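Examining the three-dimensional arrangement
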Amino acid sequence: RRTIKDLLQDYKKQLHHEVSVSGWVRTFRSNRFIALNDGSTMENIQIVVDFEVFGEELIKNIKTASSLEISGELVESQGAGQSVEILAKKIKILGDNFSEEMEKTVLQPKKHSLEILREQAHLRFRTNLFGAVFRVRSAISFAIHQFFHQNHFFYIHTPLITGADAEGAGEMFRVTNFDLENIPRTENGEIDFSEDFFGKKTSLTVSGQLNVETAMMGLGRVYTFGPTFRAENSNTARHLAEFWMVEPEVAFNNLEDNIDLAEDFLKFVIRYVLENCRADLEFLDKRFADEQKQKPEKDRAKQGLIEKLESVTSKRFRRVSYTEAIDILLNSKENKKGKFQFPIESWGADLQSEHERFLVEKHFESPVVLFDYPKEIKAFYMRLNEDGKTVAAMDVLFPGIGEIIGGSQREERLEILQKKMHEMQVDEEELWWYLDTRKFGSVPHSGFGLGLERLVLFVTGMSNIRDVIPFPRTPKSAEF
Ligand code: 4AD
Ligand code: MG
């Protein structure tokens, strides 16, 4: 069966032939014109129904959101708005709808707020907006695999259940099959994890990095791409408790190579979407422009969505050390006048998203890669620089988003790594296998993690991360 996208792409060959399509009714006007959509594209195909031929019985059962199978002749359209239409010869109703209840849903063809659409996440796929968002999300995922495949990386599937806290930030969701009413305890009253399913304390992974590093030591260039979980209680438009992360890890790469890879990678994926998702992007571009009009002038984006995507792929990202960034922030009007919620006081301060966005949106007006952060504010595995104070970390900051990628050159020197773990209270016994990689043929290497949803936010111009993942998981919310 051909999709509507296929049919519309080379309709000329099919003109005056009998074609069949299936899809859902988006609208049914004047008991005559059905706008049918099958999800393959933004576009609907118009079906012309002759009342005389089909009779009242069938026609009254064609309702918004019903699903139909239709065959008929493809002809050039008389009306404006579409190039072709199908003169229906056969109509089969595949799935009816219960119209009274439907009136309460987002399937009702009118404008619904994003909040209401979120409450009906199981139905929002059928709107133009979410069709576009999730087609773009799918294209991005495909482009990610394509980029790595072309560059000779191997896709490694890392575990979701783990015994280690890869980021050392203590934001883990526990995994257990204990009967919570009756948890086994040791003699001194502590929970006895040896009785648990895995015989130890386990959690959902916050990052596949440590596992993918071990694969890198054998396969050279690897990446993992899967769901990750964080029990951080940040109810923001940029955080999810379950999100997808892409994590490449490359043997022999230093920090600069790592930044080059991140920049090439982001540009490749964005270019892919520009080239392959035109209709969806044009729709999203228009939505974005309409949304800007609702905002006070000072908060409006300076560029349109497509314009912004094109400019990001054509300019080199600014590369700025943490130390330089702190100088810029310390001397900024915003900091001096107390405009930041978290004023920057001195070198060593952790950057908040307001600071990142100041650098990207106001100061540089460009994506920015910050590097060489103070070791205290970054994870234990990052490589210590010569200065003994900073680590070879890098964060890529994007306009409207803030941090989109976090990565580093890794500490490949066993003794320095052990010392760092000790200082940061990371359990060496738990990570004995990770330390083994530094004992046997350790190599300089680097990698990073991209938050998929943050990239989808950027590319689609949506403003809440809950609207770019099919079923968002956030504090106090795990419906569907
Ligand atoms: O900076 P993060 O915490 O880095 C790591 O986890 C490293 N192990 C990655 C690596 O080097 N292999 O997370 C990486 C990215 C962030 O830049 C952000 O885009 C995204 O993951 N991210 C989140 N996205 C949505 N919701 C959250 N709660 C996120 N936390 C991080
Ligand atoms: Mg980070």
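One can find the structure itself at the top, above this paragraph.
Calculation criteria
Residues numbered from 1 in each chain as written. Chains lettered and ligands numbered in written order. Predicted model: local features only at pLDDT ≥ 70, side-chain atom pairs only at ≥ 80, totals over all residues. Heavy atoms only, no water. Patch = residues over 30% accessible without salt bridge, like charges linked within 9 Å, V, L, I, M, F, W, Y side chains within 5 Å. Areas by Shrake-Rupley, 256 points an atom, 1.4 Å probe, with all protein chains shown as cover. Salt bridge = Lys/Arg side-chain N within 4 Å of Asp/Glu carboxyl O. Lys, Arg positive; Asp, Glu negative; His and termini not counted. Charge placed at Lys NZ, Arg CZ, Asp CG, Glu CD. Helix = DSSP H or I, 4+ residues; strand = E, 2+ residues; numbered from the N terminus. Buried < 20%, exposed > 50% of the residue type's maximum accessible area, 1.4 Å probe, protein only. Phe/Tyr/Trp six-rings, centres within 6.5 Å; stacked < 30°, edge-to-face > 60°. Lys NZ or Arg CZ within 6 Å of the ring centre and 35° of its normal. 1 Å grid on protein atoms, 1.4 Å probe; cavity = no way out; pocket = protein on both sides within 12 Å on 5 of 7 lines; lining within 4 Å. Points joined across faces, edges and corners; volume = space filled by probe spheres on them. Pairing = 2+ DSSP bridges. Contact = heavy atoms within 4.5 Å. Axes fitted to C-alpha atoms, helices over the stretch in contact; angles between N-to-C directions. Nonpolar A, V, L, I, M, F, W, Y, C, P; charged D, E, K, R; others polar.

**Some details on a negative patch on the surface**
- Together, Asp 427, Glu 428, Glu 429 and Glu 430 make up a negatively charged patch on the protein surface.
- For Glu 428, the location among the structural elements is in the loop between α14 (414–423) and α15 (432–439).
- With relative accessibility at 31%, the residue Glu 428 sits in the partly exposed group.

**Brief notes about the packing of aromatic side chains**
- Following the criterion strictly, the structure yields 24 aromatic pairs and no others.
- Three or more aromatic residues link up through ring pairs in this structure, and these residues are Phe 147, Phe 148, Phe 153, Tyr 155, Tyr 223, Phe 265, Phe 268 and Phe 448.
- Above the face of the Trp 347 ring, Lys 389 is positioned so that its terminal group lies 4.7 Å from the ring centre.
- Arg 438 extends its terminal NZ or CZ atom over the ring of Tyr 434, reaching a point 4.4 Å from the ring centre.

**A look at the layout of surface pockets**
- Counted as a void, the largest pocket has a volume near 1,400 Å³.
- As for the largest pocket, its lining consists of 48 residues, of which Arg 230, Glu 232, His 239, Glu 403 and Arg 454 are closest to the centre.
- If you list the elements that add at least two residues to the lining of the largest pocket, you get β11 (242–251), α13 (353–363), β15 (402–409), β16 (445–451) and α16 (452–460).
- At 6 residues, the largest contribution of residues to the lining of the largest pocket is made by β15.
- What the second largest pocket holds in volume is close to 1,200 Å³.

**Brief notes about the sheet that holds strand β13 (residues 368–374)**
- In spatial order, the strands read β6-β10-β11-β16-β15-β14-β13-β12; together these 8 strands make up an open sheet with mixed pairing. Each edge of the open sheet is held by one strand with a lone partner, namely β6 (154–155) and β12 (318–321).
- As defined by bridge partners, strand β14 (residues 390–398) adjoins β15 across 6 bridges and the pair is classed as antiparallel. Bridge pairing in β15 places Phe 398 opposite Gly 402.
- Strand contacts of helix α7 (residues 209–219): β6, β10 (221–229), β11 and β16, with the helix running at about 30° to β11, the strand carrying the most contacts.
- Running at roughly 15° to β14, helix α8 (residues 255–276) makes contact with β11, β12, β13, β14, β15 and β16 of the sheet.

**Focus: empty space enclosed by the protein**
- Under the criterion given, the structure shown has 2 cavities of 30 Å³ or more.
- Here the largest cavity is characterised by a volume of approximately 50 Å³.
- Contributing to the lining of the largest cavity are Thr 162, Ala 164, Ala 166, Thr 205, Ser 207, Gly 208, Leu 210, Asn 211 and Trp 433.
- Here the residues of the lining of the largest cavity are counted per class, giving 4 nonpolar, 5 polar and no charged.
- When its volume is computed, the second largest cavity comes out at roughly 30 Å³.
- Taken together, Arg 230, Glu 232, Ser 234, His 239, Leu 240, Ala 241, Thr 474 and Pro 475 make up the lining of the second largest cavity.
- Partitioning the lining of the second largest cavity into residue classes produces 3 nonpolar, 3 polar and 2 charged.

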